[in-house]
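Fold and geometry: a report
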Amino acid sequence: MLAVEGVSVAFGGVRALDQVSFEVGAGLVCGVIGPNGAGKTTLFDVVSGLRRPSEGRVRLAGRDLTGVSPVRRARAGLRRTFQRTQVFGWLTVADNVLAALDWHGGGGGIAADLAGWPGRGRRERERRERVTEVLELCGLTPLRDAYAAALPVGRRRLVELARALADRPELLLLDEPTSGLDGGQTARLGEVVRALDTTVLLVEHDMGFVMDVCDRIIVLDLGKVIAVGTPADIRRDPVVRAAYLG
Ligand SMILES: Nc1ncnc2c1ncn2[C@@H]1O[C@H](COP(=O)(O)OP(=O)(O)OP(=O)(O)O)[C@@H](O)[C@H]1O
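An unreviewed UniProt entry lists the protein under the name ABC transporter ATP-binding protein, with Nonomuraea diastatica given as the organism.

See below:
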């Protein structure tokens, strides 16, 4: 599904990423961890297209995305959430998700509206059904008519997740999804992420969350991959312990 192949990024003399390679299989949740300055954010920026690597390639479902802009990556099925939640506070939860879907447009523009173009009603119904489905998936059904601005940060994070999932992305990138959340909110988010069948790559400092939610973990240190494995593998890896404990 996602393949990162020999990716390097240098900032002056600092090699933020040094020949980083790994793959994430379809439907798996993969966490990227590592000490401060390990290169996690840089890796995320390379995968989402905000930064072009000096060497190496990024492929999604076999397609080479290395030189492709973030917008065109989004069209190829890649979605990213940010540390600061990005939801429309003045819209309801349901309308937030609907707005994420509306990007496809109803087709035909104003002329089609006037002519009542066949198929338009059906597509509108399908969109609303998808909203209901995604809200259910994210545990937001009881809040569908609430204004997003009125929600606590944990719920807003779920609304953002719902927006990112609306179009059935191929790959979802979650940047520090638990930042600002309390224990209960983190646990709820973990349940939702675990239940997804979407391929997920996440960067996260909360080790408990990573161990709980991820199928695979990649450990970076000083721009290099020092370990890849299941949470159990990573927990007992002596190299990882050494990197974290100094
Ligand atoms: N724009 C930049 N210009 C110069 N150096 C940078 C830049 N961005 C990152 N770096 C350096 O690259 C290295 C990797 O940084 P990066 O932010 O990717 O690490 P990180 O693992 O995300 O760290 P943290 O956990 O602190 O967010 C660090 O040494 C950092 O100082």
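Bringing the packing of helix H6 (residues 153-165) against helix H7 (residues 183-195) into the picture now. Any two packed helices are characterised by the angle at which their axes cross and by the distance between the axes. Where H6 meets H7, the axes come as close as 9 Å, and the angle between the chain directions of the two elements is 20°. As judged from the angle between their axes, H6 and H7 are roughly parallel. The hand of the H6/H7 crossing is right-handed. Across the interface between the two elements, Gly154, Arg157, Leu158 and Leu161 of H6 pack against Gln185, Arg188, Leu189 and Val192 of H7. Its residues assigned to classes, the contact of H6 with H7 shows 4 nonpolar, 2 polar and 2 charged.

We now examine the sheet that holds strand S2 (residues 14-24). A sheet is described by the order of its strands in space; here 4 strands give the open sequence S2-S1-S4-S5, paired in antiparallel fashion. On the outer flanks of this sheet lie S2 and strand S5 (63-64), each paired with one strand and no other. Two strands pair when backbone bridges link them, and strand S1 (residues 2-11) and strand S4 (residues 55-60) are joined in this way by 5 bridges, in the antiparallel orientation. Of the residues in S4, the one forming a bridge with Glu5 is Arg57.

Below, the discussion takes up the site of the ligand. Around the ligand sit Phe11, Val14, Ala16, Gly34, Asn36, Gly37, Ala38, Gly39, Lys40, Thr41 and Thr42, and that is every residue in its neighbourhood. Listing elements by their share of the shell around the ligand, those giving two or more residues are S2 and helix H1 (40-48). Tallying contributions element by element places H1 first for the shell around the ligand, with 3 residues. Its residues placed into classes, the shell around the ligand shows 4 nonpolar, 6 polar and 1 charged.

If you check H7, its first and last C-alpha atoms are 19 Å apart, about what 13 residues at 1.5 Å a residue would give, namely 18 Å. Of all the positions in H7, only Thr186, Leu189, Gly190 and Val193 are classed as buried. Looking straight down H7, one finds that the buried residues subtend no more than 105° of arc, so they occupy a single side. Turned more than 90 degrees from where H7 packs its buried face, Gly184, Glu191 and Ala195 sit exposed. On its buried side, H7 packs onto strand S3 (29-33), H6, strand S8 (199-203) and helix H8 (207-213).

The nonpolar side chains of a soluble globular protein tend to be buried with one another. In this structure, Leu135, Ala162 and Leu201 are the most contacted members of the largest nonpolar core, which totals 61 residues. Composition of this core by domain shows at least three residues from each of domain 1 (1-77 + 170-246) and domain 2 (89-168). Ignoring sequence-local partners within four residues, the contact set of Leu201 consists of Leu2, Val24, Cys30, Val32, Val47, Leu171 and Leu173.

To continue, consider unusual backbone geometry. Residue Ala61 is not a glycine yet carries a positive backbone phi of 50°. Relative to the helices and strands, Ala61 resides in the loop between S4 and S5. The backbone of Leu222 shows a phi angle near 50°, a positive value even though the residue is not glycine. Mapped onto the elements of the fold, Leu222 is located in the loop between strand S9 (216-221) and strand S10 (224-229).

What follows concerns H1. Turn by turn, an α-helix covers 3.6 residues, leaving residues three or four places apart pointing in a common direction. Taking burial as the measure, the 9 residues of H1 include 8 buried ones, the bulk of the element. Within H1 the residues assigned to the buried category are Lys40, Thr42, Leu43, Phe44, Asp45, Val46, Val47 and Ser48.

Turning next to the pairing of strand S6 (residues 78-81). Taking every second residue as pointing to the same face, both faces of S6 are buried, with Leu78 and Arg80 on one and Arg79 and Thr81 on the other. Across 4 bridges, the pairing between S6 and strand S7 (residues 171-175) is parallel. Looking across to S7, one finds that Arg80 is bridged to Leu173.

Cut-offs used in this document
- Every chain is numbered on its own, with residues counted from 1 as its sequence reads.
- Whole-chain, interface and lining totals are the exception, using all residues; otherwise, since this is a predicted model, local features are given only for residues with pLDDT of at least 70 and side-chain atom pairs are given and counted only at 80 or more.
- Comment: axis = line fitted to C-alpha atoms, over the contacting stretch for helices; angle = value between 0 and 180 degrees taken between N-to-C directions.
- Under the DSSP-based scheme used, a helix requires at least four consecutive residues in state H or I and a strand at least two consecutive residues in state E, with every element numbered from the N terminus.
- For classification purposes, an angle smaller than 35 degrees is called roughly parallel, one larger than 145 roughly antiparallel, one from 65 to 115 roughly perpendicular, and anything else oblique.
- Crossings are classed by handedness, with left-handed meaning an anticlockwise turn of the near helix from the far one by less than a right angle and right-handed meaning a clockwise turn.
- By the criterion used throughout, residues are in contact when their C-beta atoms, derived from the backbone, lie within 7 Å.
- Any residue that is not Ala, Val, Leu, Ile, Met, Phe, Trp, Tyr, Cys, Pro, Asp, Glu, Lys or Arg is counted as polar, Gly included; the first ten are nonpolar and the last four charged.
- Pairs of strands are assigned from DSSP output, requiring at least two bridges between the strands.
- Only the C-beta atom matters for this test: placed from the backbone, it must lie within 6 Å of a molecule or strand for the residue to be near it.
- Multiplying 1.5 Å by the residue count of a helix minus one yields the expected span of that helix.
- Counting other C-beta atoms within 10 Å of a residue's C-beta gives its exposure: the residue is buried at 20 or more, exposed at 12 or fewer, and partly exposed in between, where C-beta atoms are placed from the backbone.
- Note that the arc is computed from the directions linking the helix axis to the C-beta atoms.
- By convention in this section, buried Ala, Val, Leu, Ile, Met, Phe, Trp, Tyr and Cys residues joined through C-beta atoms within 7 Å make up a nonpolar core.
- As used throughout, domain bounds are those supplied by an automatic or database domain assignment.

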